[in-house]
Amino acid sequence: MRRKMVNSPITYAFGMLAMMVPVQAFSAFYSYYYVEKLGLGIGLATLARTIYLIWDAANQPLFGYWSDRTRTRYGRRKPWIYASMPLFVLTFVMVFAVPEGTKGMDLFYWFLVSLLLYETVSTVLWVNYGALFPELFRGDKPRAKASAVQQAFQIVALLIGTALTPIIFTEYGFRNMALLYSLVFIVFMWICMWTVREREDARKVEPLKFADAFRATLKNKNFWIFNLANSFAQTVNGLLSSIIPFYAKYALGIPESQTSILLASVFVSVIPLVAVWYFVVRKLGGRRGWQLSLAVYGLSVIPLWFAQGLGGGIAAGVMAGFGLAGFLVSPAVLSSRIVDLDAAVTGRRREGVYTAVAGFITRSSGLISAVAFWIVGLLFGYVSGDNPGPNPEATFRYLISAVPFGLLLVAFLISLMIRRGPLDDPQKDNG
């Protein structure tokens, strides 16, 4: 292997591409598939998602702690990722391979079980992949660069997972879409892991005991503020991707065949805008760049309320893409700095625990999203594709614009609680 490929920001970003293609297809279309296509009631769908999200939040800290304690000659994270790869494929296909004729409670049970299995394997992958970032890239500038590259790949994955997915499942069905994306996952994740070399020094120090590890993490005030704000902002990411198919149909009045164009308008615009935010974060630093991104993101969702037709939807989508780009780039730099400061205090690098507990906090975003969908649906009478109620347009205008604006306003106000201090101190850039 060429030396320049080892721990390269590009090959590391292949892992993001690998996971986000199927994950984005899942996030954007699993509700649409079960509620709109298969006719699962929104109440049962919300119940299943709530159970799934509670389990997701509960298992994150355990997987992070076990990852930090792993000691093998291959590293702490790679063995977990390699073991999870085939299981991820099986569970992802299961979500979109509902046996023909499954209805009612049988459909609910299939939905619930497949969600729980898929979530468990996904958690193992995300915790270990995310924990590699602050270990492999040291210093604000290398991290800003690596984050920008990673997010550019993520946007490509978002584009494939959202804009291309309707074309694929319309032509070949949801099951075959899942099989195709599973192949993409295996190829790019293997390349990523083949080029990753974990640092020897990171696993030489004896890890903290379970209670001590979480006690030290939970005492970190900046960590809690950062992730609480992110949980509200992350909810918006999920809402935008999952609500756009409904928004296109009921609010913009465009055919399903044009949904891909609308989705592309959001995510294609993000790719060059990631570079803009890379320079902004380098200039302002992690904390201020992150706070600015939340403010801009909040303003950027307002035009979605006023959009009409495909042209208006595209224009509003591009504006939302600018805000989304900022939020994709900025958090990684600040979260890595939080881990560095913890390592300076404890003498141990605990990326796994921090990544897992952060996931535990931000997983509330999925619950907030599910509850928002349910409440707004109740207010306007939307039940399912078979019973959309008297005003489905208002339902999805609120869900794609008004609700995200309120969530991002809360996120921005919380972010202001992190003030100038050690997080603003420049760190030596020693990639």
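Residues numbered from 1 in each chain as written. Predicted model: local features only at pLDDT ≥ 70, side-chain atom pairs only at ≥ 80, totals over all residues. Heavy atoms only, no water.

**Q** What is the right way to look at the overall build of the protein chain in this model?
**A** On a plain count of helices and strands, the protein chain comes out with 15 helices and zero strands. The buried share among the 431 residues of the protein chain stands at 57%. Here the contacts in the protein chain between residues at least 6 apart in sequence split such that 85% fall between residues at least 24 apart. Accessible surface, the protein chain as shown: approximately 17,100 Å² in total, 67% of it carbon and sulfur. (Helix = DSSP H or I, 4+ residues; strand = E, 2+ residues; numbered from the N terminus. Buried < 20%, exposed > 50% of the residue type's maximum accessible area, 1.4 Å probe, protein only. Contact = heavy atoms within 4.5 Å. Areas by Shrake-Rupley, 256 points an atom, 1.4 Å probe, with all protein chains shown as cover.)

**Q** How do you make sense of helix α3 (residues 78-95) when you look at a structure like this?
**A** In an α-helix, one turn spans 3.6 residues; hence positions three or four apart end up facing the same way. For α3, spanning 18 residues, the distance from its first C-alpha to its last is 26 Å, which sits close to the expected 26 Å at 1.5 Å a residue. Met 85 marks where α3 bends most, by close to 35 degrees; the proline Pro 86 follows one to four residues later. Those residues of α3 that sit buried are Lys 78, Ile 81, Ser 84, Met 85, Phe 88, Val 89, Thr 91, Phe 92, Val 93 and Val 95. Buried residues belonging to α3 abut α1 (9-37), α4 (104-136) and α6 (174-195). (Expected span 1.5 Å × (residues − 1). Bend = angle between axes of the 7 residues up to and from the residue.)

**Q** What exactly am I supposed to notice about the pattern of salt bridges here?
**A** A side chain of one charge can pair with a side chain of the opposite charge when the charged atoms of the two come close. One pass over the structure, following the stated rule, counts two salt bridges. Measuring nitrogen to oxygen at the nearest pair gives 2.8 Å for the salt bridge that ties Lys 249 to Glu 36. One end of the pair, Lys 249, is in helix α8 (residues 221-250); the other, Glu 36, is in helix α1, with 213 residues separating them in the sequence. Residue class for Glu 36 comes out buried when judged on its relative accessible area of 11%. In this structure, the salt-bridge partner of Glu 393 is Arg 397, at a minimum N-O distance of 3.0 Å. Within this pair, Glu 393 and its partner Arg 397 are both found in helix α15 (residues 392-415), separated by four residues, close to a single helical turn. (Salt bridge = Lys/Arg side-chain N within 4 Å of Asp/Glu carboxyl O.)

**Q** What is the right way to read the packing of aromatic side chains from this model?
**A** To describe a pair of aromatic rings, one takes the distance between the centres and the angle between the planes. In this structure the tally under the stated criterion is 40 aromatic pairs. Where Phe 373 meets Tyr 382, the ring centres are 6.3 Å apart and the plane angle is 40 degrees; that geometry is what we call tilted. Considered together, Phe 373 and Tyr 382 belong to a single accessibility category, that of buried residues. You can call Tyr 382 buried: its relative accessible area is 2%. (Phe/Tyr/Trp six-rings, centres within 6.5 Å; stacked < 30°, edge-to-face > 60°.)

**Q** It is not clear to me how the side chain of Ser 293 should be interpreted in this structure. Could you clarify?
**A** Along the polypeptide, Ser 293 turns up in helix α10 (residues 286-300). Note on Ser 293: relative accessible area 0%, which makes it buried. With sequence-adjacent residues up to four places away left out, Ser 293 is seen in contact with Trp 277, Gly 323, Gly 326, Phe 327 and Ser 330.

**Q** Sorry, what's going on with the environment of Gln 150 here?
**A** On the secondary structure map, Gln 150 appears in helix α5 (residues 140-172). What Gln 150 contacts, discounting residues up to four positions off in sequence, is Tyr 12, Ala 13, Met 16, Tyr 129 and Phe 133. A polar side-chain atom of Gln 150 sits 3.2 Å from a polar atom in the side chain of Tyr 129. (Polar contact = N/O pair within 3.5 Å; in protein donor to acceptor, adjacent residues only side chain to side chain.)

**Q** How do you make sense of the packing of α1 against α3 when you look at a structure like this?
**A** Viewed as axis vectors pointing N to C, α1 and α3 meet at an angle of 25 degrees, and their least axial separation amounts to 10 Å. Regarding the angle of α1 to α3, the classification is roughly parallel. Our pair here, α1 against α3, has a crossing hand that is left-handed. Residues Pro 22, Val 23, Phe 26, Tyr 30, Tyr 33 and Tyr 34 of α1 form the contact with α3, whose own contacting residues are Phe 88, Phe 92, Met 94 and Val 95. Its residues assigned to classes, the contact of α1 with α3 comprises 10 nonpolar, no polar and no charged. (Axes fitted to C-alpha atoms, helices over the stretch in contact; angles between N-to-C directions. Parallel < 35°, antiparallel > 145°, perpendicular 65-115°, else oblique. Left-handed = near helix turned anticlockwise from the far one by under 90°. Nonpolar A, V, L, I, M, F, W, Y, C, P; charged D, E, K, R; others polar.)

**Q** Just to check I follow, could you spell out the packing of α8 against helix α9 (residues 259-284) for this structure?
**A** Two quantities define a packed helix pair, namely the angle between the axes and the distance from one axis to the other. Viewed as axis vectors pointing N to C, α8 and α9 meet at an angle of 130 degrees, and their least axial separation amounts to 10 Å. One way to sum up the angle between α8 and α9 is to call them oblique. For the crossing formed where α8 meets α9, the hand is right-handed. Across from Ile 244, Pro 245, Tyr 247 and Ala 248 in α8, the residues of α9 making contact are Thr 259, Leu 262, Leu 263 and Val 266.

**Q** What is the right way to look at the environment of Ala 229 in this model?
**A** Within the secondary structure, Ala 229 sits in helix α8. Spatially, the C-alpha atom of Ala 229 lies 5.9 Å from that of Ser 415, the residues being 186 residues apart in sequence. Residues within four places of Ala 229 in sequence aside, it is in contact with Trp 290, Ala 411, Ile 414 and Ser 415.

**Q** Please clarify how a nonpolar patch on the surface should be interpreted in this entry.
**A** A grouping of Leu 299, Ile 302, Phe 306, Phe 405, Leu 409, Leu 413 and Leu 416 is seen on the molecular surface, where their side chains present a nonpolar patch of about 650 Å² in accessible area. Counting residues per element, the nonpolar patch draws most heavily on α15, which supplies three residues. Residue position: Ile 302 is located in the loop between α10 and α11 (303-306). (Patch = residues over 30% accessible without salt bridge, like charges linked within 9 Å, V, L, I, M, F, W, Y side chains within 5 Å.)

**Q** Just to check I follow, could you spell out the confidence of the model for the protein chain for this structure?
**A** For any part of a model where pLDDT is low, the fine detail of the predicted coordinates should not be relied upon. Taken over all residues, the pLDDT of the protein chain has a mean of 82, while the share at 70 or more is 87%. Across residues 426-431, confidence stays below pLDDT 50; counting only partners more than four residues off in sequence or on other chains, it has 19 contacts. (pLDDT = per-residue confidence, 0-100.)

**Q** Help me out: how do you make sense of the side chain of Lys 78 in this one?
**A** Position of Lys 78 among the secondary structure elements: in helix α3. Buried charge without a partner: Lys 78 forms no salt bridge, and the closest opposite charge is Glu 198, 6.4 Å away. Excluding its chain neighbours within four sequence positions, the residues that come into contact with Lys 78 are Met 193, Val 196, Arg 197 and Glu 198. (Lys, Arg positive; Asp, Glu negative; His and termini not counted.)

**Q** Would you mind showing me how to read the nonpolar core here?
**A** If you look at soluble globular proteins, the nonpolar side chains tend to sit buried side by side. Counting residues in hydrophobic clusters, the biggest one holds 128 residues, and the most contacted among them are Phe 26, Phe 96, Met 177, Phe 185, Met 189 and Tyr 247. A per-element tally of this core places α1 first, with 19 residues. (Core = buried A, V, L, I, M, F, W, Y, C linked by side-chain atoms within 4.5 Å.)

**Q** Hey, could you run me through the environment of Ile 191 in this one?
**A** Looking at where Ile 191 falls in the secondary structure, it is placed in helix α6. Each C-alpha atom, one on Ile 191 and one on Thr 11, is 7.0 Å from the other, the two residues being 180 residues apart in sequence.

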